Every structure is written in C-alpha cells, then in structure tokens.
Amino acid sequence: MWKVLERLLFRVTVSPTSRLAERKSFYSTLMATFNLKINGKLQKVEVDPTTPMLWVLRDHLDLQGTKYGCGIAQCGACTVHLDGIAVRSCQLPVSAVGKQAVTTIEGLSAHGDHPVQKAWIEHDVAQCGYCQAGQIMSAASLLKMNPRPSDADIDAAMSGNICRCGTYTRIKAAIRSAANR
Amino acid sequence: MDIEKTSYNRRSFLKVSVLSGGGMLLGFSLVAQSKPAGLKVQAALSGEGAELTSFIRITPQGQIAILSPNPEFGQNVKTAMPMIVAEELDVDWKTVVVEQAPFNTRLYGRQFTGGSQGIRQYWKSLRTAGASARQMLMEAAAQAWKVPVGEITTEAGVLHHKTSGKTAGYGAMATEAAKLPVPKEVKLKAVDTFKILSTPRQNVDGMSIVTGKPLFSLDYRQPGMLIAMMVHPPGFGQKLKSFDATAVRKMPGIRDVFSIKIFQEDYAQEIFDTRTFNELVVIVGRSTWEVMQAKKKLPVQWEPIADTVEKQNAFGQMRDKIVPAGLETTDAHYAGMKEREAQPAKELRRDGDPETAFRQAAKVLERTYTAPFLAHNSMEPLNCFAHVTAEKAFLACGIQAPEFTERAIAARLGMPIEKIDIQLTRMGGGFGRKAYGHYMVEAALISQKMKAPVKLIYSREDDMTYGIYRPMYRMTFRAAFDAAGNLTAFHVRGGGIPESPLGGSENNFPAGAIDHYLADEWTFPSNITVGAFRAPRSNFIAVAQQAFLDEVAETMGKDPIGFRLELLERAKTKPVGKNNTYEADRYAGVLKLVRDKSGWGQSSPANLHRGVAVYFCHNSYAAHVVDLSMKEGQPVVEKVTSAVDCGIVVNPEAAGNMVEGAVVDGIGNALFGNLTVKGGKPQQSNFDNYRMIRHNEAPKVIEVHFVKNEIDPTGLGEPPFPPVIAALANALYKATGKRLYSQPFQPALDKRNTGQPVQG
C-alpha cells in the first residue's frame, strides 16, 4: 500500500509525458499469477508479466538447464519447446505462454535417453557444454518436424545456435545419427 | 619403463592416510616444496577435511574416486587427468568416479587453466600418484598373503597372486595399504602397455551436460541469494562521475544501488588483476529480470579519466604502468600503428648482417598484416556467486587463474587468504577471458556490502564491452632475394595496441633457417584493456608469418609445403643462431603428415582451392590444409585436414574434438571477429552486431591426424588455433586471386562481391 502511495506522490512531481511513461512502467511491473505447464507439471508463478520464460525457469522454478547467452534471441542458448516447437525463451514473455506446454532440457526425456541426447553422448559432442542444452532442444524440434533432414535442413534449423567451442561438425554428425535411429 | 622418484626437496610429495571408516586416501602436493615452512600438508589431509582434499580415494567397498585438479572449461581435463591416474593405478575406467578437486593450491598445485599447460604440467605427478597407490596396494596384499610383492600382479582394480590363486579387490586392501609408507620410487608403465591412455574415452560430464544439470556458476544458487548486475562506463577512457538511484530504488524487487571500487588506489596489481573500469555502479535485487529493468533506467553520469599510473606487481617485480587519457577510435589506432611502425623498434634477435643483405638484395618482398581487437564471447557471460561474512568469504565461480584471484580477493576484503574459500565450477568457455578474476572481487564486495549471498551476473553486453580484448596487431615482414632468387634475409617487425605480439617468439621458426635475420618490436599505448585470448600472440604471428611464407614460396616458384620443408631441413642440419625454440623434425613431421593425409599435390577438382599453414606454439606442433570452394562469392570450407604433434595423445576422442573446435573457432574469428571503438566506446555489444561463426559456415568435414610418438604430452587447447587462420587466408588467395592482409577477411570478400575495390 505504501509503495502505491509513494508512486502516486512521485507522479505528481513529474511532467505530463514522463508521467505517462511512469504510469506505463508502473503497470508493466504489476505482479500477476500464471499457471504454467512445464515439463508435464502444472507450476504456479507470481511474476511481472513481461518476465521472459528464461528467467521464470531459472529464477522462479529452479530449472537451470536453460541458459542465458545473449538475451536477444541471437545465440539459441535459451531454446525450449513450446508445444514441441523450438523457441528462444529469452524473447518469450511469461504472459504469452498461456496453456501451451513448455518443455526444457530437464523434461526432454526422463532418463537422458532421448535419441538426440543419446547421439550427443555417442559423438562426445560437448566441450564446455554451455550451449549444448539449447543445441539439443533445437535439434530435437527439428527431428520432430523433419525426421530425415538434409545437411541443408540441419544448417537452416541449427544456425541460430552459437557454439564458440566450435562443436558444429560433431553436432551435425550427432543429428544425422539420431535421425537414423 | 620410467622410474619416478616420489619425493623431492625433503618434504614428501605424496601423502597417504586411512579414511575414516577404512579405506585409502592418497593425496599429493605439487607445490609443497615451494611453500614457506609452517604450512603443513599433512594437516590438510587429516581429520574430516581429508576426504575432501584427497586425490585418490579407495573405500573398503572398492569404490574408487579420482579428483581432477584443474578447472574445466571445455578442454576436457576433467576426463583426461583422472585417466592418467587410472592408467597407473590399473583400474577399470568404467568403475572410476571422477570429481572436481576443491581449490587448494597446497594440495593440487596452481590449478591454473591456460597456456595449454594442464596435461603437460601434471603428467608426471598424476602418473606417479596412480603408480604409488598401486604399489602400496600390492605391498599390502603381499603382507596379507605372506608372499613376495614381486609375485603380485594387478588387473582392472583386482590384486592377484597367480601361484596360490589368491585374489582381492583394491577395496579389501585399501585400509592396510594406507598404513604403509609411500614408496620412494615407483615404476611407471611402458607407453606401449597403456590400456586407458591413448584410447578414446567419453567426457565424464557428458550425461550431466545433455540433461541440463546445474554445472556452471550461473546455475549456482543458495537460499536467500540476491542478484546483482553492474553498470560500467560506456567507453574506455571514462569513469564514474555520479548516479541518481532515487527512482530505481523504488522499482519492484530492487534492494540496493551503490558503487564499488574494485581495487584501492595503492594496490599493486598482479598479472591477472585488471583495472578496466575501477568503479562500477551496482544494482542488487531479488530476481534477474527485475535487476535488468532497473539497470536500464539508472541515470549515471560519466567523466573522462586523466592519465593514470597503475602499480603493477609482475611476479614480485614492481613497476608503474601509465594508462593514457583519451577517447580512442579504431581508425586512429590503425593510423597510429602505421606511424609507430616506421619509428625505431626494440631489437629482439639478430643473425648475420640483415641490413647489408637487404641493401644487396636483387629483390625485396614486403608485406604488412593487421588484426583487430577480439572479444572472447564465451557462451557463459561472466558471473560469480559470493557469500562474504565476517568469518569467511565463499565464492562459487568459473575461474581460470584461481590462485591469483584468491590473493586479490583477500587483499581487497582485508581478510587472510585462509578465509577465502573458492569452489571451482565448470566454465561455459573461457578462452583466456576467465583468467581475469575482477568479477569475483566485484561479487565479493557486493556480498560484503549486502551481508547476503549474491550472484553477480554480467549481461552479454557487459561481457562484450567490458574489455580485456585480444590486442590489435600489426606486423611487417620483409624477405630479401639474391639475383638467383634465393632467400637471403628476413626481417619481421611487430607491434600492437598496447602490446607487441613478437616478444617471446623471436626464436621460433623461421629464425634458425635464414642466414640474415632480424626481429624487432614496438608498442602503442592505449587505455583499452587487453589480455590472453586463445593462443596469445601466436594467434596473430602464425597468421601473418604463414601467409607471408606462402607469398615468399610463390615468389620463388616453389611449392608451399616443399619450401617450408627446405627451410626446416636447413634449421635442422645447419641451424643459424642460438636459442631456437622449436624442433625442426617435429615441425616438419606435421607438415609431412598433413601433406600425405590431405593428398597435397594430387590433382583436385578445379573448383577446389587449397591453402596450407603450420605453426609451433604452446609446446605443440599443428598444420592444416584448408580446401574451399566459392559459392555465390562466399567461401565454403569443404574440408580441413589437420595434423598435430602433441606427444602422447591422452584421450583421442577429446583431442580430436579440441582440434575440430580450434579449426571452427579459428575460421570464425578470421572471417568475422572484430571489436572496434569510437570515442572510446565499443561498437559491438551483442551477437546481432558481433558476428560469430554459425553451423552453416562451419567446415563440412574436419579430419584430424595425430603424430604417433612416445614423447610426454603437451597441450592442445591452443596450438591448432593459430595456423588454421593462415591456411584459410592462403586458400582464399587461391580462390580469389587476391591476398588478404587485414583481419577480419569477410569485409574484403563482401566488397569484392559488390564490385568495390579490395583493400590491402
């Protein structure tokens, strides 16, 4: 209550244009409750509706597998599935999720035995490993939509995921293996 | 078979003790001999701490744990180092549990990740530790069975006495073995009897990585943890003037806003301490998103810095470093380097009479190469967890140089070093950047102020614009030829902003292969902070030198590989000068291997363009042949063939991966890597304007070959990186008919495609 009063008092002292901006930012920071379907489980979170799913997962649900890399959908480290389709969670506000099912790397398989995960192990893909959850989520989504991708299909689906260690050739080999399973 | 002494300099190197509840614990210290008296290694190995600080742990139930001393950032030491121990211990690799060792320099050495030194520095110690434990287990079995120890054999974690048919697992003998003295000498295995080493083994953390386990410091959490972010000056040459936290303090979730000084004014910075932006504004709150919003809205005023003197302590040598004032610009940097190069330089090496040879030359070839600042762009942005209380400072963090950073934290917090406790987490890349632990000092200061556990997170923009870049470089090479077209003299002049690439490499090839040789260097001061970046200095020298030698070979009408082999033959049979740092035979060895494996010299399709390069750095030799085609004016790397001599290959699976990665990373940085500044401000801040190599731009095939020998292993993280850039440059010349002298290469390729003249 005091916070609201404080804000109202503050608003009186500012010019009309910035007052509008202040009001806008005030509304955008209102908390709201969301019932989210994450990895097959219903989860309730109370957050600012503009919060990207990346930070809802990491800060509010303690799912640390989804990584922060750039915050502007340029690197793919934060890739999750929304109803099975790969999306960049850093650009997905929690308010846009609705009833759609969110799958993170932790929920891709029960025992780390999704064909893509198995292929990643088999090809010993990872170096530092930081980008690999995002790479795996992109690859799993690709194979779901296109079970026999060509090399060009793989390039098209995977080029939004950056790996500075340079594991691209192994990733491609692993996707080919997973596709043949 | 090698015999290794297990103790030196009076103090024992290996320490053994009985685990509480039985079993064996073998710890070792790499630095016991260099620490002042009074620090007791034994103390750390007794009591409850023993299990934590042990190196090999064998329980009575037979569980074997091996701890890996060095921080892991993708170079796969966490698999490789325990493999070395397991080989000599003679255990079944599948049953070994690998753990990251805690940070403790008394027990585990410097625990430094960098310079491709991990395996090289620890090779003998790790083998000796494994062999000693095995020897003690055998002696325990001999005593229990009352048979001569010479009749005991081991296999995959089981002791055998063949004549009597007695067998026992290691666990059964571990408690008794731990009561025996550590053997004074142990026999190490012959290389040709290795069962684990030199066989492909998968990453011990592979499953944790593919299932998204919290391995990185960004994933580290504690109850009540707050999130902190910082605001730094938008450009170099600026510092904090003032900030107004009034509005931001009222934003939801924000707990505090304040400024911190990373180092006090009179602090003498050690080699990995940096003072890029010494005063930062910090915002602390309950969640990352809330803090990010507040960070955007915080009004901060900046002002220019004056010329500043920094005290530096380089391994005990005190000196003053002058940081110049000014808002710098990339165009001025390139112009300044050109101007500076024409002035006198500091001589590093001289053979024969180069001036006379150049004066008398029938022909001189002179070429200049440049390269920009590069940002490291590790996929995990800098971050650190810290919880500082009056009693101790606990930090969980990815750090390449923990020993140095621990000292900096202790000095800044005013706490004794014993109270600083660092948990080493896996690093999401480092490439040299995470040797500079300022972010740990920052996190510690924030936690101390907040009296709470805090995680400091850099945004990608912070990570990219905070500096510690690969320096800018410029090198000019001159080659003199006599009337018959023979190469008679060679001059290399190198410099950079603010460091020269050349010092330390002046005795590397082609020094030693040319009668008249001169190497000299210069520097150009700047307030932009630089540091180690994958294969420091070599990452430019190799490119410039190997591109130049390609052009020299062409001028002489010789095959690029044949010409280099001629020079190496000269360096071997009749070396010029002293202190040549390379072995000409091993240098030539990788060239011959890459020649044979790539089918060099054989006819290839007309649309395939090939380039070769070779380099020796960080104690290993690497050569690459790049095959590329042009598609719509853009290079498509069809295949890279790599040959590497790093001695014994510890883990061929990971070693192959490391070379493949270096090839991709090298090509990416060569084509696109570019950090420019204007008015002191970095012009790139995220992956939308700093281009990184992506899947569709990676080579289609990378074929890696290792020279087989029994030389003690050397590093692999860096050596394959520099020469691939030169091999790419040489292949691009074949494809386009134009030599490229300035990195990154992509802008020139784009200009060519749009009909604009190509620079350089």
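Before reading on, note that the structure itself is shown above.
Right, let's walk through the structure included here. (Residues numbered from 1 in each chain as written. Chains lettered and ligands numbered in written order. Predicted model: local features only at pLDDT ≥ 70, side-chain atom pairs only at ≥ 80, totals over all residues. Heavy atoms only, no water.)

### Considerations on the overall build of chain B
If you tally the helices and strands in chain B, you get 20 helices and 32 strands. For 760 residues, the compact-globule formula gives about 27 Å, and the C-alpha radius of gyration of chain B, at 28 Å, lands near that figure. Structurally, chain B occupies a C-alpha span of about 80 × 70 × 50 Å along its principal axes. Here chain B holds 760 residues, and 62% of them are scored as buried. Looking at chain B alone, contacts between residues at least 24 apart form 76% of all its contacts between residues at least 6 apart. For chain B, the accessible area works out to roughly 28,000 Å², and carbon and sulfur atoms hold 50% of it. (Helix = DSSP H or I, 4+ residues; strand = E, 2+ residues; numbered from the N terminus. Rg over C-alpha atoms; globule rule 2.2 N^0.38 Å. Buried < 20%, exposed > 50% of the residue type's maximum accessible area, 1.4 Å probe, protein only. Contact = heavy atoms within 4.5 Å. Areas by Shrake-Rupley, 256 points an atom, 1.4 Å probe, with all protein chains shown as cover.)

### Some remarks on the nonpolar core
Residues and elements named next belong to chain B. Counting 136 residues, the largest nonpolar core has L395, I446 and L728 as its most contacted members. The dominant element in this core, judged by the number of residues it contributes, is helix α19 (residues 721-736), at ten residues. Non-local contacts of I446, meaning those with residues more than four positions away in its chain, are made with A228, F258, I260, V282, V284, V454 and L456. In terms of nonpolar packing, the next biggest core, distinct from the first, is built from 53 residues, A371, A544, A584 and V594 among them. (Core = buried A, V, L, I, M, F, W, Y, C linked by side-chain atoms within 4.5 Å.)

### Digging into the packing of aromatic side chains
Residue and element names in this part refer to chain B. Tallied over the full model, the rule gives 29 aromatic pairs over all chains. Residues Y473 and F540 carry aromatic rings whose centres are separated by 5.4 Å and whose planes lie at 25° to one another, so their mutual orientation is stacked. On the criterion of sequence distance, the pair formed by Y473 in strand β24 (residues 472-481) and F540 in helix α15 (residues 538-555) is long-range, its members being 67 residues apart. In this pair, the class of Y473 matches that of F540, namely buried. A network of ring pairs unites the aromatic residues F236, F277, F373, Y458, Y466 and Y469 as a single cluster. (Phe/Tyr/Trp six-rings, centres within 6.5 Å; stacked < 30°, edge-to-face > 60°.)

### Some thoughts on the pattern of salt bridges
This model, assessed by the stated rule, comprises 51 salt bridges over all chains. Here R176 of chain A ties to D151 of chain A by a salt bridge, and the two come within 3.0 Å at their closest N and O atoms. Here R176 of chain A, found in helix α7 (residues 168-179), pairs with D151 of chain A, found in helix α6 (residues 151-158); they are 25 residues apart in sequence, far enough to count as distant. Taking the shortest distance from any N to any O, the salt bridge between R426 of chain B and D205 of chain B comes out at 3.1 Å. Placement of the pair is R426 of chain B in the loop between β22 (420-424) and α13 (438-450) and D205 of chain B in the loop between β10 (185-187) and α7 (206-210), with a sequence separation of 221 residues. Side by side, R426 of chain B and D205 of chain B carry an identical accessibility label, which is buried. Within this structure, R367, D550, E551, E554, R564 and R739 of chain B form a network of salt bridges that share partners. (Salt bridge = Lys/Arg side-chain N within 4 Å of Asp/Glu carboxyl O.)

### Overview of the side chain of E310 of chain B
Residue and element names in this part refer to chain B. Counting through the fold element by element, E310 comes out in strand β16 (residues 308-314). We note that E310 is buried and unpaired, the nearest opposite charge coming from R275 at a distance of 4.3 Å. A polar contact is formed between the side chain of E310 and the side chain of Q269, at a distance of 3.5 Å. Setting aside residues up to four positions removed in sequence, E310 forms contacts with Q269, R275, R319, D320, K321 and V323. (Lys, Arg positive; Asp, Glu negative; His and termini not counted. Polar contact = N/O pair within 3.5 Å; in protein donor to acceptor, adjacent residues only side chain to side chain.)

### Some remarks on the environment of A172 of chain B
Residue and element names in this part refer to chain B. In this fold, A172 is placed in helix α6 (residues 170-177). Owing to a relative accessible area of 56%, A172 belongs among the exposed residues under this scheme. It is 8.1 Å that separates the C-alpha atoms of A172 and G23, two residues lying 149 residues apart in sequence.

### Remarks on the sheet that holds strand β7 (residues 152-155) of chain B
Residue and element names in this part refer to chain B. Ordered by their spatial adjacency, three strands build an open sheet running β7-β8-β9, and the pairing between neighbours is antiparallel. The strands lining the two open edges of the sheet, one partner per strand, are β7 and β9 (166-169). Neighbour-to-neighbour, the strand axes of this sheet turn through a mean angle of 25°, independent of strand direction. Alignment of β7 against strand β8 (residues 158-161), held across four bridges, turns out to be antiparallel. Looking across to β8, one finds that E155 is bridged to V158. (Pairing = 2+ DSSP bridges. Axes fitted to C-alpha atoms, helices over the stretch in contact; angles between N-to-C directions.)

The values reported here are purely geometric and, on their own, carry no functional implication.
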